[in-house]
Amino acid sequence: MLSYRLEPEHEELRKTVEEFARDEVAPVIGDLYERGEFPYDIVGRMGRMGLFGLPVAERYGGMGGDYFALCLALEELGRVDSSVAITLEAAVSLGIMPIYRYGTEAQKHQWLPGLCSGQTLGAFGLTEPGGGSDVAGAMRTRARLEDGSWVIDGTKSFITNSGTSITAVVAVAAVTGTRDDGKPEISTILVPAGTPGFTVSRKYSKVGWSASDTRELSFDGCRVPEENLLGERGRGYAQFLRTHDEGRIAIAALATGLAQGCVDESVRYVRERDAFGGPIGRFQALQFKIADMEVRAHNARLAWYHAAARMLAGEPFKKEAAIAKLTGSDAAMDNARDATQIFGGYGFMNEFPVGRFYRDAKILEIGEGTSEVQRILIARELGLDA
C-alpha cells in the first residue's frame, strides 16, 4: 500500500532541521537578509549537522542517506527562510551531485569531502546572458583542448554559491566541438576557484534571496588540466538534464516549505491580532483563505514526495518532477500573496517574515526551469509534441 508516512530516521531528521530552522536560523536571518550578507555561520552549522552530505556515500565524506532526506531538510529550512534553503539546495544538487554522479574516483576524493562537510561550496555554471531557457542553442562559452589543458572562454550568469569565500569549484558547461548531426557538443569541466582567467563579478542586487550568493562569472583564456573534464566528453547536455530533473524535486520541496511557512505565520498572526472586538481569526473570510493556503501546501508536498519516490525507485520521474516543481512554485507564490494580504500593512514591512516570503517566492516560478518550461515538459511526456 502506498504510504507517505515518514520512516523513523526521516522523521528524526525532519524534526532536527525544523528545530534548527526555528531556533537558530529564524532569530538571525532577517538582519542578514536586509544587509545582503551571506550566512557563513549558519552554513557552518549545517555542515556540522551533515546536511550537505545527506545523499552522498560515507566513503566520500557524506552521510550515506538519500535525496529524499535532502528534500525534507530543504522543506523545513524553506518554512523559515529561502536564502538559507537555496544555499543548501544549490550546494548539493548543483555543486555536489554532478561530481558524485559523473566524476572520476580521483575527482570525488578531491572535492566531495570538503563539499559534504560544508567547509567548501561548489557551483554549476550553466545559464548565460541572453540564453534563458534555450540552454543548448544559446551557449556561447567555448572550451578547446590545447597542450593537455582545457582553455575556456565565455560568461555565465545567475550562478548560485559561486563567489563566496568558501567557494572551491565551479562545474562549467561549455561547447567543446560539433556533433555529427551539426549540433553543439557540450561538455562539463571543473574549474577551481582562483584559477587565472576565471573572474567572479560583484553580487547581483536581487529582489529576493538576498542572503544568498549569486554572481556572473567570466572566463578569459582560463586554463585547467584535461583531466578536469567531468564525465564523458560531449555528455554535458545529458548531465545537466538529469541534474535539473533532480533539482526540480529539491526546488519543489523548498517551495513547499515557503508555502507552509506562510500558513504558519498567518495562523499565528490571526490568533494574536485583535480588531473589531477580538482576534481576526474568527472571521470566516480569513479562515477560508488560510484553509486554501493549507490545501496548496499539502498538495505541493504530496507532489514532491511522489516525484522523489519514483526517483529513488529508479523509475522515470521527469514528468513527476515537472509537476512537483510547477505545483510547489504556484503554491509558494499564491500563499505568499495571500499571507501578505492577511498581514495587511505589516505584510509590507520587511521586519515580518511574510514580506521576505513574498520577495522570495517569485524566483521559484523562474529558476530550475520556468513554469512555462514545466508545462512544456509535462505536455511532451504526455506525447503532445508528436
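Note that this is a predicted model, so its numbers are computed, not measured.

The element strand S1 (residues 121-125) is largely enclosed, with a buried count of five among its five residues. Summarising the sheet, S1 and strand S4 (residues 167-178) pair through five bridges and their orientation is parallel. Opposite Phe124, over in S4, you have Ala171 as the bridge partner.

Okay, the packing of aromatic side chains next. This model, assessed by the stated rule, comprises twelve aromatic pairs. With 5.4 Å between their ring centres and 35 degrees between their planes, Phe158 and Tyr204 make a pair best called tilted. With Phe158 in strand S3 (residues 149-160) and Tyr204 in the loop between strand S6 (198-200) and strand S7 (214-225), this residue pair connects regions lying 46 residues apart in the sequence. Note on Phe158: relative accessible area 55%, which makes it exposed. Between Tyr269 and Phe343, the aromatic rings sit 4.1 Å apart at their centres with planes inclined by 20 degrees, giving stacked as the arrangement. Remark: Phe343 occurs in helix H9 (residues 318-343) and Tyr269 occurs in helix H7 (residues 236-272); sequence separation between them is 74 residues.

Turning our attention to the nonpolar core. Counting residues in each nonpolar core, the largest one holds 95 residues, and the members touching the most others are Met46, Leu88, Ile96 and Trp304. With 13 residues, H7 is the single largest residue contributor to this core. Apart from residues no more than four positions distant in its own chain, Met46 is found in contact with Phe20, Leu51, Phe52, Leu77, Val84 and Leu88. If you look at the next biggest cluster of nonpolar residues, it comprises 16 residues, including Trp150, Ile189, Cys222 and Val224.

The next point concerns the environment of Lys318. Here Lys318 lies in helix H9. Along the backbone, Lys318 and Glu381 are 63 residues apart, and their C-alpha atoms lie at a distance of 7.9 Å. When residues no more than four places from it in sequence are discounted, the contact partners of Lys318 are Asp245 and Glu381.

Residues Tyr346, Phe348 and Met349 make up a contiguous nonpolar surface patch of about 370 Å² in total accessible area. Locating Met349 in the fold gives a position in the loop between H9 and helix H10 (353-361). You can call Met349 partly exposed: its relative accessible area is 36%.

Once that is clear, we can look at the pairing of S3. In terms of burial, S3 is a largely internal element, nine of the twelve residues being buried. The hairpin formed by strand S2 (residues 142-146) and S3 contains two residues between the paired strands, and Asp147 there has a positive phi angle of roughly 55 degrees. Relative to S7, S3 runs antiparallel, the two sharing nine bridges. Looking across to S7, one finds that Ile152 is bridged to Cys222.

Thresholds, definitions, all that
- Residues numbered from 1 in each chain as written.
- Predicted model: local features only at pLDDT ≥ 70, side-chain atom pairs only at ≥ 80, totals over all residues.
- Heavy atoms only, no water.
- Buried < 20%, exposed > 50% of the residue type's maximum accessible area, 1.4 Å probe, protein only.
- Helix = DSSP H or I, 4+ residues; strand = E, 2+ residues; numbered from the N terminus.
- Pairing = 2+ DSSP bridges.
- Phe/Tyr/Trp six-rings, centres within 6.5 Å; stacked < 30°, edge-to-face > 60°.
- Core = buried A, V, L, I, M, F, W, Y, C linked by side-chain atoms within 4.5 Å.
- Contact = heavy atoms within 4.5 Å.
- Patch = residues over 30% accessible without salt bridge, like charges linked within 9 Å, V, L, I, M, F, W, Y side chains within 5 Å.
- Areas by Shrake-Rupley, 256 points an atom, 1.4 Å probe, with all protein chains shown as cover.
- Salt bridge = Lys/Arg side-chain N within 4 Å of Asp/Glu carboxyl O.

That's the geometry; what it means functionally is another story.
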